[in-house]
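Descriptive analysis of the structure
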Amino acid sequence: MAASNSPDYMEFFPKASPYDNQREAMDGIRDALDSGRDVLFEGACGTGKTLAALAPALSHARETNKTVVITTNVHQQMRQFVREAREIHDAEPLRAVVFKGKGSMCHIDVDYEECQVLRDNTHELVDAERDKQQLEERQQALLEESQDGDSEAAEAREAVLDELESVEDELEDLQEGNVCERYYENLVGDNDDFYEWLYDGVRTPEDIYEYAEEAGLCGYELLKDGIEGVDLAVCNYHHLLDPGIRAQFFRWLGRDPEDVVVVFDEAHNVEDAARDHATRTLTENTLDSALSELEEVTDDRGAAAERVLSAFRDALVETYEGAFGPGGDGPALARSEVDGNWTDVPVANEDKRDDLTLEFLQQYTGPGIREDVDDALALGEYLDEEYDEAYRNGETTTRRECFVLEAAEFVESYVEDSGELGQYPTAAVRRDEGTNDVYGRAELYTCIPRDVTTDLFDAVHASVLMSATLRPFDVTADVLGLEDPETMAFGLQFPEERRRTFAVDTEPLFSSNRDDPDTQEEVAGALRDAVNFTPGNCLFFFPSYAEAERYHDLLGDVDAARYLDQPGTSAEELRQTFTDDRNGVLFTSLWGTLAEGVSFDGDDARTVAVVGVPYPHLDARAEAVQDAYGRVFGDRDDRRNEDAGWRYAVEIPTVRKTRQAMGRVIRSPDDFGVRMLVDRRYTKESRTAMRKYSVNPAFPAEERRELVDIDPEKLRVSMLNFYTDLDAYDGQPPRP
């Protein structure tokens, strides 16, 4: 508990005392929440952002009868939330739940639609059984009264018997339908022991699953029923970013949106996550399934649905086949190179509707697309209700999916929205690994995240968005649709003499000179020196897995174990093997899973390097985002107005990823290490020598001040001096 002269939020701060920056952050966050303002909170990695946000949020929520929801899209951070929630619970008991989607908690592995039918049927069955029991008890009491000569009781009993017969008939029908035995046990049993256990600590979904598995219960439904009015809920991004799921989630919490305080961790990821949640897709396979479904339909609206869906399906095929060209090898896409991953087939045009829409208009023949789409939607809704009823009544063993409805909804949105600002229409192809056939997909990609996030931030009481890399704050606020947020930034509070940050003046790794042997040798030489003069592990990030593999091979002569991260392999297993070593070097992509949300504490990694400026591959989709940002935010960017799209969509996200990677080391006051940015574009000198190519100005001012420009040939001596001063070498230092 907090001392009497401490701020009230300290009762939710389980550590002995906060860092200075934590205290300042907690004061600022508490004031902002009290006034209903959103907060953008940047704090360096390892400086206690989670507790700094949670303590004032929980204190404010308890005083105002609100619920705090903390969310992340990084698995390791979810585990960290659980650990810290348990620490808070031990210091100041609170009701906390950790929520996951039904798919990860279902014991019988049914989808959402089937689950809803089973849940409703089971409810009706239990209600009918209770009605039967009550009626039987009532008729027995009336029988005894009538046997004592009460004629009115005899009359009333006849009416009860009639009602009982009706309920028994209903019950017989319900018993023939589909129900969930586990959910049935939830409804008929006493669950007090479960909820006492649930609130006695902070339980994970895995804990709940095991409890329910053993008890023959449905843990997911128990959890849903148990989250109403909790102090703290931990969840994934999709519970908040998907509008439909969010509305349900808040209902389960028993809270109106204005009674919820949201804390987004790793909030620099909200931008991409919001895009993904808003994006709509429709595959050729789903269209084929919808057309097959229509063959069974006798409804007059079937003809309209067939006209519009077959035309869209044919348009999709014609569009991607055109990209292959007559021989299967188009200018940008070869059929033989299509694999199991989706490959975009760009269809957007600058001065007219996209190619897929134009082909659809060409393929369609009928009285009118709008009218036929309306009929297809109405028919889909009707069929969906029929499938629901058939499963509910036990006529089918699974809840049939309505492909007509799914396809019609997409076609409607594609035709209406594909020409709107911020919407990027595209097609894609992939190879079916079972049949080896190539098939297509239509997609409507949302470029502007605030189209998704503004409604969320406007609805809740307030939000705290925290990350080690949120700046520039004005860009974050613009992109996510935050109005006048409170902003705060705290750099590393740990001793500066225990770290060095070098901007190594190697040749810039432009795409044009990346393959130059002299450039490669210069960069490899700097990395070789880093390995040789680091007393422990090195962690190297590259713009791609291919570049990581290139330098892994070039450094084959170093006296250290080399570890290569590759797509499709377990990064966590590799990380564990690497950190068990004490003289290793790990080569990975900055766009992989090890660049953020993963700690390399203490001896796990002493030197980290980002090699090159790791701009993402700028395909047509990325260029669409860049164009949309330029059109929407061009008049807001005071720094380089003509480059607003590039700055918002490419440069700033890339520098954020770079800063995240640099934050993998120096995680505590006792930690020490070297951070290296290996490319001339990072140097202070590049601001004048390279001008528009320099990325040095994109770093926050205090991080730029720490950057030490260094020639690659002087790196070894500087590293030797730094690590020697800290007495970091085990035995004699290496000789330069």
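Residues numbered from 1 in each chain as written. Predicted model: local features only at pLDDT ≥ 70, side-chain atom pairs only at ≥ 80, totals over all residues. Heavy atoms only, no water.

1. Section: helix α13 (residues 284-294)
The condition that has to hold: Type-normalised accessible area, obtained with a 1.4 Å probe on protein chains alone, sets the label of each residue: buried when under 20%, exposed when over 50%, and partly exposed for intermediate values. Secondary structure follows DSSP: runs of H or I at least 4 residues long count as helices, runs of E at least 2 residues long count as strands, and numbering of each begins at the N terminus. A contact between two residues is defined here by any heavy atoms of the two lying within 4.5 Å.
Listing the buried residues of α13 in full gives Glu284, Thr286, Leu287, Ala290, Leu291, Glu293 and Leu294. Packing partners of the buried residues in α13 comprise β6 (280-283), α14 (301-324), α16 (369-392), α17 (403-417) and β9 (438-446).

2. Focus: the pattern of salt bridges
Short version of the rule: Should a side-chain nitrogen of Lys or Arg be within 4 Å of a carboxyl oxygen of Asp or Glu, the pair is scored as a salt bridge.
Going through the model one piece at a time under the given rule, you end up with 55 salt bridges. Of the charged contacts in the structure, one is a salt bridge between glutamate 42 and arginine 659, with a shortest N-O distance of 2.7 Å. Of the two residues, glutamate 42 sits in strand β1 (residues 39-43) while arginine 659 sits in helix α24 (residues 644-662), which places them 617 residues apart along the sequence. Across this residue pair, the class does not change: glutamate 42 and arginine 659 are buried. Between glutamate 113 and arginine 399 there is a salt bridge whose closest N-O contact spans 3.8 Å. Here glutamate 113 is found in helix α4 (residues 112-147), whereas its partner arginine 399 is found in the loop between α16 and α17, with 286 residues between them in sequence. Residue classification places glutamate 113 among the partly exposed positions, given a relative accessible area of 36%. Using a relative accessible area of 6% as the deciding quantity, one classes arginine 399 as buried.

3. With respect to the UniProt feature "domain: Helicase ATP-binding" (unreviewed entry) in the chain
What counts is decided by this rule: UniProt positions are given in the numbering used here, feature names are shortened, and annotations may be inferred rather than shown by experiment.
According to UniProt, the positions carrying the feature "domain: Helicase ATP-binding" (unreviewed entry) are residues 8-316. This span, residues 8-316, is 63% helix and 9% strand, and a straight line between its end C-alpha atoms measures 60 Å.

4. Looking at the packing of aromatic side chains
Defined as follows: Within 6.5 Å between ring centres, the rings of Phe, Tyr and Trp (the latter by its six-membered ring) count as paired, and their orientation is classed by plane angle as stacked under 30 degrees, edge-to-face over 60, tilted in between. A ring has a charge above it when a Lys NZ or an Arg CZ is no more than 6 Å from the ring centre and no more than 35 degrees off the ring normal.
Within the structure shown, the criterion is met by 35 aromatic pairs. Centroid distance phenylalanine 542 to phenylalanine 587: 6.1 Å. Interplanar angle 15°. Geometry classified as stacked. Note that phenylalanine 542 is positioned in strand β13 (residues 538-542) and phenylalanine 587 in strand β15 (residues 584-589), a separation of 45 residues in sequence. The burial state of phenylalanine 542 is the same as that of phenylalanine 587; both residues are buried. Where phenylalanine 722 meets tyrosine 723, the ring centres are 5.1 Å apart and the plane angle is 65°; that geometry is what we call edge-to-face. Look at phenylalanine 722 and you get buried, because its relative accessible area is 3%. Here the aromatic residues Phe99, Tyr220, Phe249, Phe250 and Trp252 are joined through ring pairs into a cluster of three or more. Stacked on the ring of phenylalanine 672, the Lys or Arg arginine 606 has its end atom at 3.7 Å from the ring centre.

5. A closer look at the pairing of strand β8 (residues 423-431)
Inclusion rule: When DSSP finds at least two bridges between two strands, those strands are taken to pair.
Where burial is concerned, most of β8 is hidden: eight out of the nine residues are buried. In terms of strand pairing, strand β7 (residues 343-346) meets β8 through four bridges, oriented antiparallel. The residue of β8 that forms the bridge with threonine 343 is valine 429. Following β8, the chain reverses through six residues before pairing antiparallel with β9; asparagine 436 in that reversal takes a positive phi of roughly 70°.

6. Observations concerning the environment of threonine 67
Threshold: For the purposes of these results, a polar contact is taken to be a pair of N or O atoms within 3.5 Å, where, inside protein, one atom must be able to donate a hydrogen and its partner to accept one; residues adjacent in sequence count only when each atom of the pair is a side-chain atom.
One can find threonine 67 in strand β2 (residues 67-72). For threonine 67, a relative accessible area of 0% translates into the label buried. Sequence separation between threonine 67 and tyrosine 629 is 562 residues, and the spatial gap between their C-alpha atoms is 34 Å. If near-sequence neighbours (up to four positions away) are discounted, threonine 67 is found in contact with Ala61, Gly229, Val230, Asp231, Leu253, Arg255, Asp259, Val260 and Val261. At a separation of 2.6 Å, a polar atom in the side chain of threonine 67 contacts the main-chain carbonyl oxygen of valine 230.

7. Here we look at the sheet that holds strand β3 (residues 96-98)
Which entries qualify depends on this criterion: Lines fitted to C-alpha atoms define the axes here, with helix axes fitted over just the stretch in contact, and angles between the N-to-C directions of these axes take values from 0 to 180 degrees.
Reading across from one edge, β3-β4-β2-β5-β10-β1-β11 is the order of the seven strands in this open sheet, with parallel pairing throughout. Each having just a single partner strand, β3 and β11 (486-490) make up the two edges of the open sheet. For this sheet the average axis-to-axis angle between neighbouring strands, irrespective of direction, equals 15°. Where strand β5 (residues 260-264) meets strand β10 (residues 462-467), four bridges bridge the pair, whose relative direction is parallel. Along β10, the bridge assignment pairs valine 261 with alanine 462.

8. Quick look at the nonpolar core
Short version of the rule: What makes a nonpolar core is a set of buried Ala, Val, Leu, Ile, Met, Phe, Trp, Tyr and Cys residues whose side-chain atoms join them at distances within 4.5 Å. The start and end points of each domain follow an automatic or database-based domain assignment.
Grouped together as the largest cluster of nonpolar side chains are 58 residues, with contacts concentrated most on Ile227, Leu240, Phe249, Phe264 and Leu465. For this core, the leading source of residues is helix α23 (residues 620-633), giving six residues. Lining this core are residues from two domains, each supplying at least three of them: domain 2 (285-448) and domain 3 (496-726). Residues Val347, Phe360, Tyr364 and Ala442 belong to the second largest nonpolar core, which totals 43 residues.

9. A few points about the state of the cysteines
Test applied: In what follows, a disulfide is any cysteine sulfur pair within 2.5 Å.
The full count for this structure, using the stated rule, is zero disulfides. The thiol of cysteine 180 is not disulfide-bonded; the next cysteine sulfur, from cysteine 218, is found 5.6 Å away. According to the relative accessible area criterion, cysteine 180 is buried, its value standing at 12%.

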